[in-house]
Amino acid sequence: MFKHCPACGEDVLFVTQAVYDGFRKTGETHRCTACGHVLQEAAPAAKSPKKRDSAWAAFSCEDKPKAPNLFDIEAETGRLCRKCAHYVVHPFTQRCALHDKEVSATDTCDDFTAMEDTP
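Residues numbered from 1 in each chain as written. Predicted model: local features only at pLDDT ≥ 70, side-chain atom pairs only at ≥ 80, totals over all residues. Heavy atoms only, no water.

Another point: the overall build of the protein chain. Assigned secondary structure in the protein chain consists of one helix and seven strands. Scanning the protein chain from its N terminus toward the C terminus, one meets helices and strands in the order β-β-β-β-α-β-β-β. Expressed as a percentage of its 119 residues, the buried residues of the protein chain come to 15%. Restricting to contacts in the protein chain with at least 6 residues of sequence separation, those with at least 24 account for 28%. About 10,000 Å² of surface is accessible on the protein chain, with carbon and sulfur atoms providing 54% of the total. (Helix = DSSP H or I, 4+ residues; strand = E, 2+ residues; numbered from the N terminus. Buried < 20%, exposed > 50% of the residue type's maximum accessible area, 1.4 Å probe, protein only. Contact = heavy atoms within 4.5 Å. Areas by Shrake-Rupley, 256 points an atom, 1.4 Å probe, with all protein chains shown as cover.)

See below:
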């Protein structure tokens, strides 16, 4: 913001700096970039109105819908090549013994066969 500073008499830029009380913003100050004069001391910050959960006021906690589980890890990773019985790890590559091709541990295919857990 370009203004006339009453302290130094110059037309200079003023810097807006936030004023905090802990982690909460309480206001703003405008300081002259030439002399450091404070033009406006601690203007109150605009408060955002608090939202009320009025849409659900007529319902009890049991009536509210449950939050969806977007990440079902077992369903996403259940058919990966690294969990397949045909997955072969070699020091230089990873292969599928069924299709005889190079694969990655995170690949999937329709011919998935789960590995048997051996002790």
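As judged from the eight bridges shared by strand E2 (residues 11-21) and strand E3 (residues 24-32), these two strands associate in the antiparallel manner. Across the sheet, Asp21 pairs through a bridge with Arg24, a residue of E3. The turn joining E2 and E3, which pair antiparallel and follow one another in sequence, is formed by two residues; a positive phi near 75 degrees is taken by Gly22. (Pairing = 2+ DSSP bridges.)

On to the sheet that holds strand E7 (residues 101-102), then. Read across the sheet, three strands follow the order E5-E6-E7 without closing on themselves; strand pairing throughout is antiparallel. Each edge of the sheet is formed by a strand with only one pairing partner; in this case those strands are strand E5 (87-89) and E7. Relative to E7, strand E6 (residues 94-96) is paired through two bridges, and the arrangement is antiparallel. From the neighbouring strand, Cys96 faces E7, where its bridge partner is Lys101.

Another point: unusual backbone geometry. Phi is positive for Asp100, which is not a glycine, with a value near 55 degrees. Mapping Asp100 onto the fold places it in the loop between E6 and E7. The exposure class assigned to Asp100 is exposed, which follows from its relative accessible area of 58%.

Take the nonpolar core next. Counting seven residues, the largest nonpolar core is built from Cys81, Cys84, Tyr87, Cys96, Val103, Ala105 and Phe112. Each residue touching Phe112, except ones within four places of it in the same chain, is listed here: Gly78, Arg79, Leu80, Lys83 and Cys84. (Core = buried A, V, L, I, M, F, W, Y, C linked by side-chain atoms within 4.5 Å.)

Attention now moves to the confidence of the model for the protein chain. Low-confidence regions, as indicated by low pLDDT, have predicted coordinates that should not be scrutinised in detail. The share of residues in the protein chain with pLDDT of 70 or more is 78%, and the mean pLDDT across the chain is 79. Here strand E4 (residues 38-44) is the element of the protein chain with the lowest mean pLDDT, 65, and E7 is the one with the highest, 94. (pLDDT = per-residue confidence, 0-100.)

The subject of this paragraph is the pairing of E2. With three bridges connecting them, strand E1 (residues 2-4) and E2 associate as antiparallel partners. Considered in E2, the bridge of His4 is made with Asp11. Where E1 folds back on E2, the antiparallel hairpin that results is connected by six residues, among which Gly9 adopts a positive phi of roughly 75 degrees.

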